[in-house]
Amino acid sequence: MILYLIIFLIPVFAYFTGPAENRNKKFLLCYMTALMLFVGLSDMFGGYDRYIYGGVFDRIADGISDGNNYETISGFKHFEVGYSTLSYIIALITENRYIYIFIITALIYFFIYKSFERVMPNYPLAVIIFLGMMFFFTFTYLRQVLAFSIAWYGTRYFIDKKYWKFLIIIAIVTLMHKSGIVFAGLCLIPKKKFSTGTIVVILLICGVIGLSGLAGAVYDTFINVSEIEVRQNYSTEDSSRIAYIVEVAFFTWLILINYNKIEPTRKNLILLNMAWCFCALLLLFMKSSDGGRVAWFFTYGIIYTSTLVCIPNHSQIRQYGKNVLTTFIMVVMLVLYMRIYIAWQQYNNLYPYKTFLTDGVRYPDYSWDRYEYDHNYDMDKFYRPAFRFLK
């Protein structure tokens, strides 16, 4: 636990010791690179999904080695064509699942870094909110996390009115994960600041629909999760439902008590309404075991808006102070961060930490014990070559 607390406390320290307008790109680049290395080098952390992605990748790599056409390779059609094609391209470089996961992780953190670097008002605070809400998911849900990180990156094109580029991003995201199609809804949202009453009414309606289970049923039918992607849940449906409601209540309160501080610029309005989409989607899918993940595409708006409202006077950022509200947000993010850590650690999915740079396995390791499909990796992590040209 101490290791993960250190990860969380680094941006906290940077926030309280940094300048008023803390958009230090060196800090953001170094910290995001460190997170990428920490996640990307870890030895099958996060649970069942990593083994699924690793197994499919190994079959694609085997097919290439056997000289098969990509359309006939076993494993190629398990996922959407975009993600399968990306896996195929990586398999042309390496046969090793660990290098594959590392490359996917590097892509994820590259897009997240570029997304933050472009718009976030304060990098350390934005990173803290990211840690509380999204960090642990980057260990295991590789396909959907890659999809939303590309979507976050593509938001810049919508803000800049480069609509053709934005549509290309939506196409790429959807080809990575079907749920990415919801991000196209950003085009339909009015570029306006809705009244407080309107927001409350919309969220209440979403909550009622969510409690009916209708939205979750539609999502499950559309996504049609394949048998190979059986999900490992870390909490019960009831606890997830309560967590969703509490999360929405907190962010709605946070934004609305600071509503007058949000200037109606195009960027602010787009990202503000992304934040409302996040809240609405969490409520709509509160009874779906997987549907809540569709809200991840709009978490970018929550991170930006939550960071923005901590600036007492956004028109004069140099007057930015370390206020009580910001400290409260950090405490809440720490609670969210530790909630996921504790839930996942029931399966030993995060600690003790080990990289794939050393052979052997961790004991105990719930996921390895049940889901490891190739025990040759236990004895030699690089028995499948890291790079084909070294074979």
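The structure under discussion appears in the preceding block.
This is a predicted model, so every value here is computed, not measured.

### Description of the pattern of salt bridges
Right, so step 1: Taken as a whole and judged by the stated rule, the model has 11 salt bridges.
Right, so step 2: The salt bridge involving R362 is made with D365; its shortest N-O contact spans 3.1 Å.
Right, so step 3: Taking the relative accessible area as the measure of exposure, D365 reaches 7% and is therefore buried.
Right, so step 4: The structure contains a network of salt bridges with shared partners spanning D43, K354 and K381.

### So, the state of the cysteines
Right, so step 1: According to the stated counting rule, one finds zero disulfides in the structure shown.
Right, so step 2: Left unpaired, C277 is separated from the closest cysteine sulfur, that of C206, by 9.2 Å.
Right, so step 3: For C279, which is in no disulfide, the shortest distance to another cysteine sulfur is to C277 and amounts to 9.4 Å.

### What to know about the nonpolar core
Right, so step 1: Membership of the largest hydrophobic core comes to 139 residues, with the highest contact counts inside it found for Y4, F116, F130, F135 and M333.
Right, so step 2: By residue number, the principal contributor to this core is helix α12 (residues 266-284), which donates 14 residues.
Right, so step 3: When neighbours within four sequence positions are excluded, F116 is seen to be in contact with L28, M32, Y123, A126, V127, F130, W152, Y300 and I303.

### Description of helix α6 (residues 123-133)
Right, so step 1: Extensive coverage of α6 is indicated by the burial of 11 of its 11 residues.
Right, so step 2: Of all the residues in α6, the buried ones are Y123, P124, L125, A126, V127, I128, I129, F130, L131, G132 and M133.
Right, so step 3: A distance of 3.1 Å separates the backbone nitrogen of L125 from a side-chain oxygen at the start of α6, and that oxygen is part of N122.

### Considering the side chain of T105
Right, so step 1: Tracing the backbone through its elements, the reader meets T105 in helix α5 (residues 97-119).
Right, so step 2: The class for T105 is buried, based on a relative accessible area of 0%.
Right, so step 3: Each residue touching T105, except ones within four places of it in the same chain, is listed here: M36, V39 and G40.

### Section: the environment of I170
Right, so step 1: Residue placement: I170 occurs in helix α8 (residues 163-176).
Right, so step 2: Take I170: its relative accessible area is 7%, and that puts it in the buried class.
Right, so step 3: With 12 residues separating them along the chain, I170 and V182 place their C-alpha atoms 9.0 Å apart.
Right, so step 4: When sequence neighbours within four positions are dropped, the list of residues in contact with I170 reads F183 and A184.

Rules of the game
- Residues numbered from 1 in each chain as written.
- Predicted model: local features only at pLDDT ≥ 70, side-chain atom pairs only at ≥ 80, totals over all residues.
- Heavy atoms only, no water.
- Salt bridge = Lys/Arg side-chain N within 4 Å of Asp/Glu carboxyl O.
- Buried < 20%, exposed > 50% of the residue type's maximum accessible area, 1.4 Å probe, protein only.
- Disulfide = S-S within 2.5 Å.
- Core = buried A, V, L, I, M, F, W, Y, C linked by side-chain atoms within 4.5 Å.
- Helix = DSSP H or I, 4+ residues; strand = E, 2+ residues; numbered from the N terminus.
- Contact = heavy atoms within 4.5 Å.
- Polar contact = N/O pair within 3.5 Å; in protein donor to acceptor, adjacent residues only side chain to side chain.

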